[in-house]
Every structure is written in structure tokens, then in C-alpha cells.
Amino acid sequence: MSNITKKVSWSSRPDESGAAGEATPLLNGSEQPRLSRQLSGEGSLFQIGRLSTVDLEEERTSDEDSLRGRPKEIPHNEKLLSLKYESLDYDNIENQLFLEEERRMSPMSFRCLEISRWVVCGLIGFLTGLIACFIDIAVEQLAGIKYQVVKENIEKFTEAGGLSISLILWAVLNAAIVMLGSIIVAFFEPIAAGSGIPQIKCYLNGVKIPRVVRLKTLLVKVCGVICSVVGGLAVGKEGPMIHSGAVVAAGVSQGRSTSLKRDFKIFEYFRRDTEKRDFVSAGAAAGVSAAFGAPVGGVLFSLEEGASFWNQMLTWRIFFASMISTFTLNFFLSIYNKNPGELSNPGLINFGRFEGDSVTYNLYEIPLFIAMGAIGGLLGALFNVLNYWLTIFRIRYVHRPCLQVMEAMLVAAVTATVSFTMIYFSNDCQPLGPEHTEEYPLQLFCADGEYNSMATAFFNTPERSVRSLFHNQPGTYNPLTLGLFTLTYFFLACWTYGLSVSAGVFIPSLLIGAAWGRLCGILLASISSNGSIWADPGKYALIGAAAQLGGIVRMTLSLTVILVEATGNVTYGLPIMLVLMTAKIVGDYFQEGLYDIHIKLQSVPFLHWEAPATSHWLTAREVMSSPVTCLNRLEKVGTIVDILSNTSTNHNGFPVVEQVPENDEGSNPAKLCGLILRSQLIVLLKHKVFVELARSRLNQRKLQLKDFRDAYPRFPPIQSIHVSQDERECMMDLREFMNPTPYTVPQDTSLPRVFKLFRALGLRHLVVVDDENRVIGLVTRKDLARYHMGKHGLEELQLAQT
């Protein structure tokens, strides 16, 4: 494959960052790098010679320790991380413009801003709840029509013969509906594929994912997930709600739509990455809350998935958005269900209440729950390994949109065929009581007054199947039915995740776990004399669901609270927590979580919570990019244009230096005095902020922060800015616009300390200086991510790119 970066990417868009240049080997620490206008900055990771990776888990020998201070050559690979992903500028640029604006604001202005933040969070929760309500009603209505048509057809041909026609009808309906959902994803907005949780995790982690929070992405996401669920795929509609909430937050908080080219002239102060990222956190939490009816779980999800720079007011605003989202969904669903004011539907999925004897558990069951957690970790690891190889296969062979649509249709048809076959050959018939909860009971070859139990699991939406496994009476399913369903649905769900459709993995994971968990409960009851008293199948179905979901996604804290809130009973808090912890520990021994696997396959510079445990022997000098492209405080316009126009690079941060008298040693006298971003330079060039023009135009309007906010977030490319030959000779004074206090570290700072600075402060650039404040290197997110991945991550990426 000649261009694996393009084919692996979430969006399947051509890489706009330019082609990677040749990498020249460079000795780490061999000499002090000179200040230079060569390749550096955030994009330089792929062009300079310091493209390296280190096996952080190998033990160093005493001989290696003795060479600690000597020059070392670190192996390099220019394809380790993708060029198309850049970091968010979460750190405020405290230049003169920013400080002047802050000083002009009165205490009342700051209070109004805080009120505006609460208003925005309320709008985010309200709109996210409305979207969830629309998805739920659309899925229920369309799925109801489909299942009713197929049910009547099956009943008709059961008596007359010719059930093959029913099979064809079911498969064709599924394939047609899924085809529509896959077409809009594959051809119009590929970033809308999947649940969107990996992309939102990256965004909260500080990585700018192209097109991830666009209005078009939201529309395709909503329509796509409806088609996926109605089309009978082994997917859920809950995961995509997190992505939908994040898109809503990104749009509402900016007070305009760049897609529709409409500016409402509100919330202009929030047009920067610092504020936008906080609101996206609130949107993700509102999505979790709408999906599961778990406001607290939504807050913890945003915290667990990347937002490490929290304060108390931000936490309260996120919780407020989550509560509004749940209430909005609850309120409108109560109207839809013709029970206005009855707020009994807090989320898209309703697990039902675990009450009575099924709630209680005994101390001696704790080891059984832990064992189920271990089983969930093993099955989750198997699921992730299989899905990993399927993803590799898709990267190599199924990268064209037409092939992606055909694969989705094939999976839909196979799912219908397998479901029909399982129902057809099942002889598990159960009595159809007066209080049955089955939405579409199929009699098939069962006697009058009975229904096919296998159809309850397959011939239904996944959410209803989960609820029936949790709450149906003991004896509703026989062990063979549950075993076959677990086996088939496991492989169907594994095959389905990663298709070019909008879909989540939460509900399929819960359904698989609930099936084998209920099977465990039945087996435990059969081997004990009083098993029917304590081994309630519904209770073990819940534990199995938690174990399977935890084994696949490897979430602990937030998932515990989500499941506790979704079940409406805190009694299972301890067992669920133990099960999720066990599943994560066992699963991590074999393979990473599903979302982490897909993030790594996309070559995203994702930073985990902590630096590698064996990285203390690395310093900033050994991970930094050098030499660095620096700008003078008073710089020629032509020089700036040439640097920004270099098509082989995509640098986004440039240290600003000031020349001082040379010392006796004759060393480079340039000292660091600030840092300026590519986006700032482009705005300055666009508005012709040149020293000579400022002198000749005494009435020229002074550039303000509003000019930078109006250009955010789609700053124009440098190629669209015309600079005449005479203007190239002009000078640009960067003092007013640069950040005069960038974060810096000495060259001997340890890697864990550098890592903590990046992770805690949300940095994009960290300047490495010597004892005399001279720039010797620049550390970016990609530098740290490359070292964090280590040798094993590099091997996996090389395998994917073979």
C-alpha cells in the first residue's frame, strides 16, 4: 500500500498535511543543536531525523548504564504517527491583546461570561436530549414496521410452506436499510462511522481530529445509526449518542455554523480551543446521560476519557448538562408514550428495575462474580483480537467506499440468515402467558399458546433483548438456546464493529454478556439443591453483561456508575466494580481495549495518564525535535511566508527569539522571548499587520482578538493569502501577538516530568532551553506519544502498514 495513512484514517480523506520528507539519522545528544530555520515544531516529527522509538520495557545492562551520558543513535521510523492529526491549543495565549482585553473587562462582565457558560451547557443538554428522543422514536417505529412485516410473513408461510421466502424478505429488508445507512457514511462523511467514542476520547485527550465535530457529521451520524439498528445489525444506538452530544456542544458553544456559513454573533468569547474543549466534555457527558440515564456516569466518563484539567465549576456545568439531557429525553418520551409527566424513561436503554429477591446476593457469591469478571476479560480480549485482525483486513482490502457498502450489506444479510436459521432449528418453546413481555413473539413450529424462545433474543432490537435476559422469569430460556445465541452473536458483533456504518458496541457487548451470564446462573442453580433461591438468572445476566462490556472497552470507574444508575439500584455497586476491575486486569494481560486498539491503528498521538514506567532514564533532550525553526521578534514578511509555505512540513509553533550581544565564547546570542502559532501568523498576514504599513496608515484599525476568533477554527491556508513582492520586504513585529511566557524546561528534565506537564496543562508545545535560555529543541505531543507507544506499538503499526 503506497499511502496507508490515507486508507487507515477515520475520515478516509486525503492527507492535507503534505507528504513526508526524507528522514535523516541524527545522533541524540551528539552535539548541541544550533538555532536554525530548519524543520521543527509539531509537524516536524515526520521530517527531521529524530524519528525514533524506544523499547521501554527492556532491561538495561550495566554496560548500557555506563554509556548513559554518551551519544546514542535511537532507531527511527517516519510512519509511526499520522501527519493529519494536530494538537488543540488548550493553553491560553497570554499575549498583549489577551491581557488588554481581560483588563478592560469588569467584574460584571466576568459574571455574565460565567452565566453564558451555564446557558450553553443547558442548551447542550436540551438539544442532546432531543436528538436522543428522535433516534429512539425513529428506531422504535421503523423497527416495529419491519418486524411486524416479517412476523406476518413467517406466520403465513409456516402454515402454507415456503419459509425460504420469509428468509429472503428478512435478508433483503436488512440489506436495503443498512445499504442506505452505509452509503451516507462511506460516501458523504466517513468520520461518522462507528460509535465515535475513540474520536471523542482523542479530542478530550487534546488531539484535533479532522471533521469530527461538524454539523454534517452529526446529521450522518443520526441517520446512520437509525439505519444500522433498524437494519438488524449487531449494534446499539447508545455509543453514537456520545459523539452526537460532542458535536452539539462544539456547534452551540461557538454561536455560529461554519458549515451553513451563519454567524449569530453570540458566544464569541468561547471561540478558542480552551473553551470549546470544555464544552465538548459537557456534550460527551450529556450523550452518556441520554443514552443510559446516568448523569453522574456521564461526568465520570468525560473525566476518565481525557479531561485532566478540571475545576469545580466546570464539573458542575458538565453535571448540569447531563441532568438537563436526561430530563429532556425523559419528558418528551413521556409525552410520546401518552403519559405526560411520568418520568420513567431516563435513557435510551432501560434495564428495568432489579427488585425483590433478585437484588440480594451473598458473600460467598463474590468469588463467583470475580470469576465471571475473569471470563469476561478473556472473552473481551478474544473479541478485541479478532476485531483487530478484521480491521487489518479492511485496511488492506476493503478501503474503497463501494466495497465498504457491499461489506455492510453482506453482514446485514448474513445476520438475518443466521438469525432465521437459529430460530428455525430451535425447539425451545415457552408458554405465552397473559403477562408476557415479548414484543414480537414467534410461534413458528411451537404448539398453540407457546412461542419460540430463540426468537426473543434474535427477532428484536438489542435493547429489548437485553431487558428480557435481565428480567424474564427463570425457565424462559434453556441452556442450549443461550449457548448457541452467545456463540453466534459474539462473532456477528465482532464482524459488525468496524463497518462503515454508524453504530456502537455497548449494547452488543451487554447482550453477549447477559446471555452467557444467564447461562451461568442456570448452571449454578442446577448443580445446587437450593440454587433457585440464590442463583437468580437475571442477577447473573447483569454480572455477565458488566463483565463482557468491561472486557471489551476496559472502562472501570465511569462504567461502574453508568451500570449502577442504569439498573436503578446501588446494591450491585460492589459486585459490578469488582467484575469490571477483574475484566480489565485479565483483558489487559492479553490485549488492549477496543477503543485503544483503533486509536493506535489510526496513528493518533494519544497520551495516556502516565508516562511509561521505565522512562525515567530518558530526558527532554532525547525526545525533543531539533533543530528548531525560530523567528526573530522583528521578522521579515518574506521569511515568514516561506516558512509557512514549505509544503514538506506542517509546523504549528515557532519560538520567537531576540538577538543579544555575543559573549566571549562566540556562542549564538539568540535568547527565547516568546512563542507564536501558525494560525496567528496567518491572521497577521491576512490583515497585513506590517510595520511599514502601520507607519504609513495612521488611521489603520488595530488588530483585536476578535479578528483571531472570527477566523477560528478554520484558519485559511497560507496559499490563499496573497503577499506582493514589495510586501515580502516589509517587517512584522511579533511582540504584541506572541505568547511571552511559554512553558519551558531544561534539557535534562526527565521524560515523566515532561509528560506530566503536557498531560496536566494540555500543552501543545514545550520549549527546551539551555542554562542561558537559548532554544535547543521543542517537545510536542507527537514526540511523547511516539515514545509512549514503545517498540510493541511500532511493530503493530508496521504490520498494519505492510
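Residues numbered from 1 in each chain as written. Predicted model: local features only at pLDDT ≥ 70, side-chain atom pairs only at ≥ 80, totals over all residues. Heavy atoms only, no water.

**Description of the packing of helix H5 (residues 163-188) against helix H7 (residues 215-230)**
Across the interface, H5 lies against H7 with an axial gap of 8 Å and an inter-helix angle of 160°. Relative to H7, the element H5 is oriented roughly antiparallel. The two elements H5 and H7 cross, and the hand of that crossing is left-handed. Facing Asn-174, Ile-177, Val-178, Leu-180, Gly-181, Ile-184, Val-185 and Phe-188 of H5, the residues of H7 in contact are Lys-216, Val-220, Cys-223, Gly-224, Cys-227 and Val-230. The residue inventory of the contact of H5 with H7, partitioned by class, reads 10 nonpolar, three polar and one charged. (Axes fitted to C-alpha atoms, helices over the stretch in contact; angles between N-to-C directions. Helix = DSSP H or I, 4+ residues; strand = E, 2+ residues; numbered from the N terminus. Parallel < 35°, antiparallel > 145°, perpendicular 65-115°, else oblique. Left-handed = near helix turned anticlockwise from the far one by under 90°. Contact = heavy atoms within 4.5 Å. Nonpolar A, V, L, I, M, F, W, Y, C, P; charged D, E, K, R; others polar.)

**Side note on the environment of Val-207**
Here Val-207 shows up in strand E2 (residues 207-208). C-alpha of Val-207 to C-alpha of Leu-607: the two residues are 400 residues apart in sequence and 9.3 Å apart in space. Among all residues touching Val-207, those that are not within four sequence positions of it are Tyr-85, Glu-86, Leu-88, Cys-202, Val-604, Pro-605 and Arg-781.

**Quick word on the pattern of salt bridges**
Enumeration according to the criterion identifies 32 salt bridges in this entry. The residue Asp-642 makes a salt bridge to Arg-728 at a minimum N-O spacing of 2.9 Å. With Asp-642 in helix H24 (residues 637-645) and Arg-728 in helix H28 (residues 725-728), the pair connects residues that are 86 residues apart, well separated along the chain. The structure contains a network of salt bridges with shared partners spanning Glu-114, Arg-117, Arg-272, Glu-275 and Arg-317. (Salt bridge = Lys/Arg side-chain N within 4 Å of Asp/Glu carboxyl O.)

**Some words on helix H8 (residues 239-252)**
The terminal C-alpha atoms of H8 lie 21 Å apart, and with 14 residues this matches the ideal 20 Å at 1.5 Å per residue to within 8%. Burial runs high along H8: 13 of the 14 residues are buried. (Expected span 1.5 Å × (residues − 1). Buried < 20%, exposed > 50% of the residue type's maximum accessible area, 1.4 Å probe, protein only.)

**With respect to the packing of aromatic side chains**
What the rule picks out here adds up to 27 aromatic pairs. Measuring from ring centre to ring centre gives 4.9 Å for Tyr-147 and Phe-459, while their planes differ by 70°; the resulting arrangement is edge-to-face. Of this pair, Tyr-147 sits in helix H4 (residues 107-160) while Phe-459 sits in the loop between helix H14 (453-458) and helix H15 (462-471); the two residues are 312 residues apart in sequence, bridging distant segments of the chain. The exposure classification of Tyr-147 matches that of Phe-459, with both residues buried. Centroid distance Phe-393 to Tyr-397: 5.1 Å. Interplanar angle 50°. Geometry classified as tilted. (Phe/Tyr/Trp six-rings, centres within 6.5 Å; stacked < 30°, edge-to-face > 60°.)

**Overview of empty space enclosed by the protein**
Taken as a whole, this structure holds five cavities of 30 Å³ or more when the rule is applied. Considering only enclosed or pocket space, the second largest cavity measures out at about 180 Å³ in volume. Around the second largest cavity, the lining is made up of 16 residues, and of these Asp-91, Leu-675, Leu-677, Asn-739 and His-765 lie nearest the centre. Looking at which element gives the most residues to the lining of the second largest cavity, the answer is strand E10 (residues 671-677), with three residues. Within the lining of the second largest cavity, the residues separate by chemical class into nine nonpolar, four polar and three charged. (1 Å grid on protein atoms, 1.4 Å probe; cavity = no way out; pocket = protein on both sides within 12 Å on 5 of 7 lines; lining within 4 Å. Points joined across faces, edges and corners; volume = space filled by probe spheres on them.)

**Digging into the pairing of E10**
The buried fraction of E10 is high, at six of seven residues. As paired elements, strand E9 (residues 653-658) and E10 share six bridges and run antiparallel to each other. Note on E10: the bridge partner recorded for Pro-655 is Leu-675. (Pairing = 2+ DSSP bridges.)

**Observations regarding helix H16 (residues 479-496)**
Compared with an ideal rise of 1.5 Å per residue, which puts 18 residues at 26 Å, H16 spans 25 Å between its outermost C-alpha atoms and is within 8% of the ideal. Thr-481, Leu-482, Phe-485, Thr-486, Thr-488, Tyr-489, Phe-490, Leu-492, Ala-493, Cys-494 and Thr-496 are the residues of H16 that are buried. Its buried side turned inward, H16 meets helix H12 (366-397), helix H13 (401-425), H14, H15, helix H17 (506-526) and helix H19 (537-553). A side-chain oxygen of the first residue of H16 lies 3.2 Å from the backbone nitrogen of Leu-480; this N-cap is Asn-478. Two residues or fewer after H16 comes Gly-498, characterised by a positive phi angle close to 110°. (Polar contact = N/O pair within 3.5 Å; in protein donor to acceptor, adjacent residues only side chain to side chain.)

**Comments concerning the sheet that holds E9**
Hydrogen bonds between backbone atoms are what pair the strands of a sheet, whose relative direction is either parallel or antiparallel. As summarised here, the arrangement of the three strands in space is E7-E9-E10, forming an open sheet in which the pairing is mixed. Both edges of this open sheet fall to strand E7 (631-632) and E10, since each of them pairs with a single strand only. Across two bridges, E7 lies against E9 in parallel orientation. Across the sheet, Leu-631 pairs through a bridge with Val-656, a residue of E9. Its contacts with the sheet put helix H25 (residues 678-686) on E7, E9 and E10, and the angle it makes with E10 is roughly 75°.

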